[in-house]
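A look at the structure
Here's the letter readout for the chains.
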Amino acid sequence: PGLVCAKDRTMAGLAAIAAAGVGARIPARSSTATVVGLTGGIGMGKSSAAAWFRRCGFRVHDADATVHSLYAAGGAAVEPVCAAFPSARGADGGIDRAALSAAVATAGREASLQRLEEIVHPLVTEERAGFVRRAG
């Protein structure tokens, strides 16, 4: 998960919620959104932290879920990814992630990963920006 967007919340309010725990009241104060990014390696608790923020009433943008949506049949990443990696198209019309992984490895990992990131990262950025606009 990548982004927590808390409309009408203050950083002091976030700290108070963290101190009080799940179920604490979320203070309202301003009309601008506070954006908090969750980062970390595998197994660092990002999903747990995002779930906690959701339980507290915050809107959470999940970059992993966004990529799954972009890779699904009809998703914005399907055509450009399949143009770069034709064998990645799944039977359902979306991206077959295992086939994509094999295509990336076969075509030269470094250059292929860079190409894939050039396609997917702007789409995720666009989705995240829309999320923040809608939340703000």
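Residue numbers run consecutively from 1 along every chain, following the written order of its sequence. Side-chain atom pairs in this predicted model are given and counted only at pLDDT of 80 or more, local residue features only at pLDDT of at least 70, and totals for whole chains, interfaces and linings cover all residues. Only hydrogens and water are removed before side-chain values are computed, so all heavy atoms of the structure are retained for them.

**A word on the packing of aromatic side chains**
Each Phe, Tyr or Trp ring (for Trp, its six-membered ring) is paired with any other whose centre lies within 6.5 Å, and the angle between the two planes then decides the class: stacked below 30 degrees, edge-to-face above 60, tilted in between. The final tally for this structure, using the stated rule, is two aromatic pairs. Pairing Trp52 with Phe53 gives two aromatic rings, centres 5.2 Å apart and planes at 75°, and the pair type is edge-to-face. Phe53 matches Trp52 in its accessibility class, with the two residues each being buried. Partly exposed describes any residue whose relative accessible area lies between the buried limit of under 20% and the exposed limit of over 50%, with all areas from a 1.4 Å probe on protein chains only and scaled to the type maximum. Its relative accessible area of 12% is what places Phe53 among the buried residues. Three or more aromatic residues link up through ring pairs in this structure, and these residues are Trp52, Phe53 and Phe58.

**Focus: helix α6 (residues 109-135)**
Put simply, DSSP H or I for four residues or longer makes a helix, DSSP E for two residues or longer makes a strand, and each gets a number counted from the N terminus. Given the number of residues in a helix, its expected span is that number minus one, multiplied by 1.5 Å. The first and last C-alpha atoms of α6 sit 37 Å apart over 27 residues, in line with the 39 Å expected at 1.5 Å per residue. What we call the bend at a residue is the angle made by axes fitted to the seven residues finishing there and the seven residues starting there. The largest bend along α6 reaches roughly 30° and is located at Glu118, with the proline Pro122 sitting one to four residues downstream. Listing the buried residues of α6 in full gives Ser112, Leu116, Ile119, Val120, Leu123, Val124, Gly130, Phe131 and Ala135.

**Let's talk about the confidence of the model for the protein**
A score between 0 and 100, pLDDT records how confident the predictor is in each residue. Summarising the model, the protein shows a mean pLDDT of 81, and 76% of its residues fall at 70 or more. Put simply, strand β1 (residues 3-7) is where the protein has its lowest mean pLDDT, 45, and helix α4 (residues 78-84) is where it has its highest, 97.

**Comments concerning helix α5 (residues 97-106)**
Residues lying three or four places apart along an α-helix face the same way, a consequence of the helix completing one turn every 3.6 residues. For α5, the complete set of buried residues consists of Leu100, Ala103 and Val104. One side of α5 holds all its buried residues, which, seen down the axis, span an arc of 100°. Those residues of α5 that are exposed and angled more than 90 degrees off the buried face are Ala98, Ala105 and Thr106. Between a side-chain oxygen at the N-terminus of α5 and the backbone nitrogen of Ala98 the separation is 3.0 Å; the capping residue is Asp96. A positive phi of about 105° marks Gly108, the residue just after α5. Directions are taken from the helix axis to each C-beta atom, and the arc is the one they span. Two N or O atoms form a polar contact when they lie within 3.5 Å of each other; inside protein one atom must be a possible hydrogen donor and the other a possible acceptor, and for residues adjacent in sequence the pair counts only when both atoms belong to side chains.

**Section: the nonpolar core**
Put simply, buried Ala, Val, Leu, Ile, Met, Phe, Trp, Tyr and Cys residues joined by side-chain atoms within 4.5 Å make one nonpolar core. The biggest cluster of nonpolar side chains holds 18 residues, and the ones touching the most others in it are Tyr71, Val81, Phe85, Ile95, Leu100, Leu116 and Val120. Looking at this core, the elements with two or more residues in it are α3 (63-71), α4, α5 and α6. Counting residues per element, this core draws most heavily on α6, at five residues. Contacts were defined at the residue level, with two residues in contact if any of their heavy atoms lie within 4.5 Å. Every residue in contact with Leu116, bar those within four places of it in the chain, is listed here: Tyr71, Val81, Phe85, Leu100 and Val104. By size, the runner-up hydrophobic cluster in this structure holds seven residues, among which are Leu38, Ala50, Phe53 and Phe58.

**Examining the side chain of Ser112**
Among the structural elements, Ser112 can be located in helix α6. Residue classification places Ser112 among the buried residues on the basis of a relative accessible area of 4%. Polar side-chain contacts of Ser112 include one of 3.5 Å to the backbone oxygen of Val104. With residues near it in sequence (within four places) discarded, Ser112 still touches Phe85, Val104 and Ala107.

**Details of the pattern of salt bridges**
Think of a salt bridge as a Lys or Arg side-chain nitrogen and an Asp or Glu carboxyl oxygen that are within 4 Å of each other. Applying the stated criterion to the full structure yields two salt bridges. In this structure, Arg115 engages Glu118 in a salt bridge whose closest nitrogen and oxygen atoms are separated by 3.6 Å. Taken together, the residues span about one helical turn, with Arg115 and Glu118 both in helix α6 at a distance of three residues.

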